[in-house]
Each structure stands twice: as C-alpha cells, then as structure tokens.
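If you want the building blocks of each chain, they are given just below.
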Amino acid sequence: VQLQASGGGLVQAGGSLRLSCAASGQFFNSYTMGWFRQAPGKEREFVTAISRSGANTWYEDSVKGRFTISRDNANNTVYLQMNSLKPEDTAVYFCAADPVRRYSVAYSPDQYDYWGQGTQVTVSS
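Residues numbered from 1 in each chain as written. Predicted model: local features only at pLDDT ≥ 70, side-chain atom pairs only at ≥ 80, totals over all residues. Heavy atoms only, no water.

**Looking at the sheet that holds strand β7 (residues 67-72)**
Stated formally: The pairing criterion for strands is at least two bridges between them, as found by DSSP. Secondary structure elements are taken from DSSP: a helix is a run of H or I of four residues or more, a strand is a run of E of two residues or more, and numbering for both begins at the N terminus. Interaxial angles span 0 to 180 degrees and are taken between N-to-C directions of axes, which are lines fitted to C-alpha atoms, for helices over the stretch in contact.
Strand order in the open sheet formed by four strands is β1-β3-β8-β7, with antiparallel pairing between adjacent strands. The sheet is open, and its two edges are formed by β1 (2-6) and β7, each paired on a single side. Neighbour-to-neighbour, the strand axes of the sheet open up by a mean angle of 15 degrees, direction not taken into account. With six bridges connecting them, β7 and strand β8 (residues 77-82) associate as antiparallel partners. Bridge assignment links Ile-69 to a residue of β8, and that residue is Leu-80.

Here it is in structure tokens:
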C-alpha cells in the first residue's frame with residue numbers, strides 16, 4: 001500500500017487542522033492505521049491509531065480530548081482532526097499502516113510497515 005499525507009500548514013495556537021492520508025492499493029481495511037509525529041531533534045513518536053474497522057482508537061496522552069482519528073474505508077482514507085493546537089504539537093506528521101495487529105495497537109514506529117511522506121504542522125504561539 002502507498003500512503004499520501006496532506007493537510008498540514010501553519011496555524012495559531014488554539015486553532016485547528018485536519019490531516020488526511022490517502023491510501024492506494026487494495027485491502028485498506030486490512031490495516032491498522034496510525035499517525036506519528038517527529039519534531040526537530042526528536043524521535044518519531046506515536047500520536048494515535050485506529051483499528052481496521054474503526055471501532056477502536058488509541059491516543060497518546062497529550063492529544064487526548066484534542067485530536068480525533070477516523071477512517072473512511074470506502075475511500076481508503078484516514079483522517080486526523082486536530083483541535084486546540086499547541087506550539088508543542090509542531091512537527092512533521094506521518095501516517096502509517098500496520099498489517100499485522102487486528103485488535104491491538106502498535107506504539108513503536110518499527111511495527112508499521114508502510115509510511116506516507118509526512119506533512120508539516122507548525123503551531124505559532
């Protein structure tokens with residue numbers, strides 16, 4: 001599967017952005033989908049993930065209540081709605097696909113097999 005992330009940009013603190021990740025290829029609903037982010041000088045970190053059907057979601061503590069992940073399996077797309085953005089959310093955001101886990105989540109980027117190219121999110125104070 002090939003992934004294409006989009007929707008990043010520059011926003012003021014307190015603002016919102018919606019990221020999209022479009023997947024090409026078959027069997028999109030066979031992948032748990034995740035979003036990761038990487039700030040300059042830092043390691044890539046887990047943000048959120050959604051199960052194959054969309055029934056289960058997982059969030060990193062700092063984004064709970066502000067970010068929402070969703071997916072549209074008919075259109076092979078996963079979304080990340082980001083509200084109440086903070087300067088510390090500034091990073092390159094990546095979408096990723098995990099073909100292995102069905103009912104659990106992988107928090108390490110090493111456990112995801114496919115990656116999008118990343119989209120820059122910058123939150124100004």
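Next comes the rest of the description.
**Overview of the side chain of Arg-37**
Applied cut-off: The buried label goes to any residue with under 20% of its type's maximum accessible area, the exposed label to any with over 50%, and the partly exposed label to all in between, with areas taken from a 1.4 Å probe on protein chains only. In the analysis that follows, any N or O atom pair within 3.5 Å is treated as a polar contact, provided that within protein one partner can donate a hydrogen and the other can accept it, and provided that, for residues neighboring in sequence, both atoms belong to side chains.
Relative to the elements of secondary structure, Arg-37 occurs in strand β4 (residues 32-38). With a relative accessible area of 6%, Arg-37 lands in the buried category. A polar atom in the side chain of Arg-37 sits 2.7 Å from the side chain of Glu-45. Polar contacts involving the side chain of Arg-37 include one to the side chain of Asp-89, which spans 2.9 Å.

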